[in-house]
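Below are the chains, spelled out letter by letter.
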Amino acid sequence: MDLLIINPRIMWFSSKSLIANGPLTLASYLHEKGFNVKVLDDNTMYKKYSIKDFIDYINYHQAKIIGFSVSTLNAYNSYALVKELRKVFPKKIFIAGGLHSFDCSEEMIEQCFDIVFKGEAELAVEKFLNTLADYPHDNSNDIFDNNSFITALEKIPGIRVTRNGKTLDTGMGEYIQDLDTLPFNNYDLVNLNDYIKSKYDHHAVTNQILFQRGCPYNCTFCKSPIVSSKIRNNSAQYMMKQLKHRYDKFGLNNFFITDSNFTIDKNRLKEFFQLITSSDLLGKINFMIQTSVTVSISDDEIEMLRSIGVTMYLIGVERFNDESRKLIKKAGTSEQVTTLIRKLHNHGVKTIVNILVNFPFETKKFIDSEAKYIEENLPYVSFIYINYVSPMPGTQVYKSDLTDNFKKWYLIKNIVNYRIIYYDIAYLVEGPVALNLNIFQLPQETITLMRRFKEKYQWKGSLRISKSLFLRTIIILDMLLGKISYHIAKISPLLEYIIFKPFKFFRLKGYKMFFNLFIAKHK
């Protein structure tokens, strides 16, 4: 095998299986170019890979190069794992890339990696592998002591190498401008058998598809401005072929198109509608999409999308209050938010609204204002998802509002090793330590207010997701169990773990099934 790409387990893993898009996209691209590549993603609810498992996998497949996809949430585990593997394979070439590389390449190269790929990596890794093939190196990292080889690497944009006290940094990687030149994600290259045990396991694993890169907005909490401010889209024809491919291969009928602004390209939108309408997929598949409140969408367009199976819109509101929106540089106004929500409601389309709290400016005034807006809009939304901001490296909130003590919070052992409790799963707490750690040093009464705010509206929002009495009863029981879990964990985290371990497993399995049966449907 030319290259094995490992995606280590993320911190605060809730056992909600998720295959990362980035490493699989890269592997699929390299596979089409003729390289023998596989992905080992350690984020499944059914199995946790040990050091021995990784070593056995590398030996069995005779992987020449070991790659790591590093994000902020798996950086600690990535660095720990590469150090262990380096002890066993001291001469193998270890490479790294991923979302963390956009602004933390220096930190990454200080670990045990021979080379770090900065930014989008398809073109850079392909050029690196081709360059490597031109030099006899016996699959050894001694090749990086070859001055001629290093000189050749200088021609490749998007790499960082440190050797013998000298650093080569060629800037950010090149972007692929035409996304239609990318092959479909090839799930034969990833350890999919570790993820799929029933048809409902495809949810959030194979049914998520990205047809867009880049975002034009400049939110203070988001990495999108760092990654790319220019939007690049797949064509409608590519989208149609990809959906047909997934439908035929996996029998999927519920898809989540994860484009940040699906409706922004009106020409693509209309062509996509026409292609679905004239295809044999019409009436067989449903979609969830994301859109921005700043992208105008007409009544005709809403009906057009509804007719081809768009059942749900995810709207990144983040905050209703206009003052808060300005502080986080969120495009659009409160009026635009409420107008869009009510328009979609009038057309019988479900909406999920995302709200963020735990910003440095939080006070009772801001939280009370947000609560007022939510109460006013609650009758028009299907679900409210409230979460705590975890400042990611490179974002404005990370650069401006964190003290030095918390600059590398994602590498602090007791933070990384926090064990998710049932409460976190029931109340959809994705970044629990952000609040517990009080990363922005807010007054304790503000921390308490935010927790109560989340609990109240997560409860109210969850009960709006379906009219099914059976499902609503399940939701109530689930959240009651969550509160019990919270109080037991305060007394003894170990006791909570022992009691609720089986509940966590069946809860996550049940969520996937109920989502497909009840939620991802028209009202």
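Residues numbered from 1 in each chain as written. Predicted model: local features only at pLDDT ≥ 70, side-chain atom pairs only at ≥ 80, totals over all residues. Heavy atoms only, no water.

Undergrad: Could you clarify how one ought to interpret the overall build of the chain in this entry?
TA: When helices and strands are tallied, the chain shows 20 helices and 15 strands. Taken over the C-alpha atoms alone, the chain extends approximately 65 × 60 × 45 Å along its principal axes. Burial status across the chain gives 57% buried among its 523 residues. Partitioning the contacts of the chain with sequence separation of at least 6, the portion at a separation of at least 24 is 75%. Surface accessibility of the chain: about 22000 Å² in total, with carbon and sulfur atoms responsible for 54%. (Helix = DSSP H or I, 4+ residues; strand = E, 2+ residues; numbered from the N terminus. Buried < 20%, exposed > 50% of the residue type's maximum accessible area, 1.4 Å probe, protein only. Contact = heavy atoms within 4.5 Å. Areas by Shrake-Rupley, 256 points an atom, 1.4 Å probe, with all protein chains shown as cover.)

Undergrad: Looking at this structure, I do not really get helix H12 (residues 334-346). What am I missing?
TA: Owing to its 3.6 residues per turn, the α-helix brings residues three or four apart onto one side. Across its 13 residues, H12 extends 18 Å between first and last C-alpha, which sits within 8% of the 18 Å expected from 1.5 Å per residue. Looking only at H12, the buried set comprises Ser334, Val337, Thr338, Leu340, Ile341 and Leu344. Along H12, the residues classed as buried sweep out an arc of 160° about the axis, all on the same side. Every exposed residue of H12 that faces more than 90 degrees away from the buried side is listed here: Glu335 and Asn346. In the core, the buried residues of H12 are packed alongside strand S12 (286-291), helix H10 (299-307), strand S13 (310-318), helix H11 (322-327), strand S14 (350-357) and helix H13 (364-377). In the stretch just after H12, Gly348 is the one whose phi turns positive, near 75°. (Expected span 1.5 Å × (residues − 1). Arc of directions from axis to C-beta.)

Undergrad: Would you mind showing me how to read the pattern of salt bridges here?
TA: Note on pairing: side chains with opposite charge can pair once their charged atoms come close. By the definition in use, this model includes 32 salt bridges. Glu84 is the partner of Lys87 in a salt bridge, and the nearest nitrogen-oxygen pair spans 3.2 Å. Within this pair, Lys87 and its partner Glu84 are both found in helix H3 (residues 75-88), separated by three residues, close to a single helical turn. The class of Lys87 is exposed, set by a relative accessible area of 61%. Note that Lys244 and Asp248 form a salt bridge whose closest N and O atoms lie 2.7 Å from each other. Here Lys244 and its partner Asp248 are both found in helix H8 (residues 236-250), four residues apart, which amounts to about one turn of the helix. Overall, Asp248 belongs to the partly exposed group, its relative accessible area being 48%. One continuous salt-bridge network, built from bridges that share partners, spans Arg86, Asp114, Asp145 and Arg163. (Salt bridge = Lys/Arg side-chain N within 4 Å of Asp/Glu carboxyl O.)

Undergrad: Explain the packing of aromatic side chains here, please?
TA: Each aromatic ring pair is summarised here by two numbers: the centre-to-centre distance and the angle between the ring planes. Within the structure shown, the criterion is met by 27 aromatic pairs. Seen from their ring centres, Trp409 and Tyr410 are 5.8 Å apart, and the 85° between their planes marks the pair as edge-to-face. This pair shows no difference in class: Trp409 is buried, exactly as Tyr410 is. Among the aromatic side chains, those forming a connected cluster through ring pairs are Phe117, Phe128, Tyr135, Phe144 and Phe149. The side chain of Lys407 reaches across the aromatic face of Tyr398, ending 5.0 Å from its centre. (Phe/Tyr/Trp six-rings, centres within 6.5 Å; stacked < 30°, edge-to-face > 60°. Lys NZ or Arg CZ within 6 Å of the ring centre and 35° of its normal.)

Undergrad: Whenever I open this one, helix H1 (residues 21-32) confuses me. Can you help?
TA: Taking 1.5 Å of rise per residue, the twelve residues of H1 would be expected to cover 16 Å, and the 17 Å separating its terminal C-alpha atoms lies within 8% of that figure. Within H1, the full set of buried residues consists of Pro23, Leu24, Thr25, Leu26, Ala27, Ser28, Tyr29 and Leu30. Gly34 lies just past H1 and shows a positive phi near 105°.

Undergrad: Before we go on, may I ask you to explain the sheet that holds strand S3 (residues 65-69) in this structure?
TA: Within a sheet, each strand pairs with its neighbour through backbone hydrogen bonds, oriented either parallel or antiparallel. Strand order in the open sheet formed by seven strands is S2-S1-S3-S4-S5-S6-S7, with mixed pairing between adjacent strands. Lying at the two open borders of the sheet, with one neighbouring strand each, are strand S2 (37-41) and strand S7 (166-169). Recorded for the sheet is a direction-independent mean angle of 20° between the axes of neighbouring strands. Strand direction decides the pairing type here: strand S5 (residues 115-117) and strand S6 (residues 159-163), joined by two bridges, are antiparallel. Bridge pairing links Val116 to Arg160 in S6. Against the sheet, helix H2 (residues 51-61) engages strand S1 (3-7), S2 and S3, with an angle of about 165° to S2. Across the sheet, helix H5 (residues 122-133) touches S1, S3, strand S4 (93-97) and S5, and the angle it forms with S5 is around 145°. (Pairing = 2+ DSSP bridges. Axes fitted to C-alpha atoms, helices over the stretch in contact; angles between N-to-C directions.)

Undergrad: I keep staring at the pairing of strand S15 (residues 383-388) and nothing clicks. Help me out?
TA: Along a regular strand, successive side chains alternate from one face of the sheet to the other. In terms of burial, S15 is a largely internal element, five of the six residues being buried. When S14 meets S15, the two strands line up parallel, connected through six bridges. What sits directly across from Asn354, in S15, is Tyr385. Taking the sense of rotation as the criterion, the β-α-β connection linking S14, H13 and S15 turns out right-handed. (Right-handed = clockwise from strand over helix to strand, strands pointing away.)

Undergrad: Looking at this structure, I do not really get empty space enclosed by the protein. What am I missing?
TA: Throughout the structure, instances matching the rule amount to one cavity of 30 Å³ or more. Lining the largest cavity, in full, are Trp12, Ser390, Pro391, Trp409, Ile415, Val433, Ala434, Leu437 and Ile439. Of the residues belonging to the lining of the largest cavity, the class tally is eight nonpolar, one polar and no charged. (1 Å grid on protein atoms, 1.4 Å probe; cavity = no way out; pocket = protein on both sides within 12 Å on 5 of 7 lines; lining within 4 Å. Points joined across faces, edges and corners; volume = space filled by probe spheres on them. Nonpolar A, V, L, I, M, F, W, Y, C, P; charged D, E, K, R; others polar.)

Undergrad: Explain a nonpolar patch on the surface to me, please; I cannot follow it from the model alone.
TA: A contiguous nonpolar patch, built from Ile476, Leu477 and Leu480 and spanning about 240 Å² of accessible area, is present on the exposed surface. By the secondary structure assignment, Leu480 is in helix H19 (residues 469-491). Classification of Leu480 as partly exposed rests on a relative accessible area of 42%. (Patch = residues over 30% accessible without salt bridge, like charges linked within 9 Å, V, L, I, M, F, W, Y side chains within 5 Å.)

Undergrad: Quick question: what am I supposed to make of the nonpolar core here?
TA: Most often, soluble globular proteins keep nonpolar side chains buried together rather than apart. Phe68, Leu85, Phe128 and Leu153 are the most contacted members of the largest nonpolar core, which totals 171 residues. Filtering out sequence-adjacent residues up to four positions away, Leu153 remains in contact with Ile115, Phe128, Thr131, Phe144, Ile159, Val161, Leu168 and Thr170. (Core = buried A, V, L, I, M, F, W, Y, C linked by side-chain atoms within 4.5 Å.)

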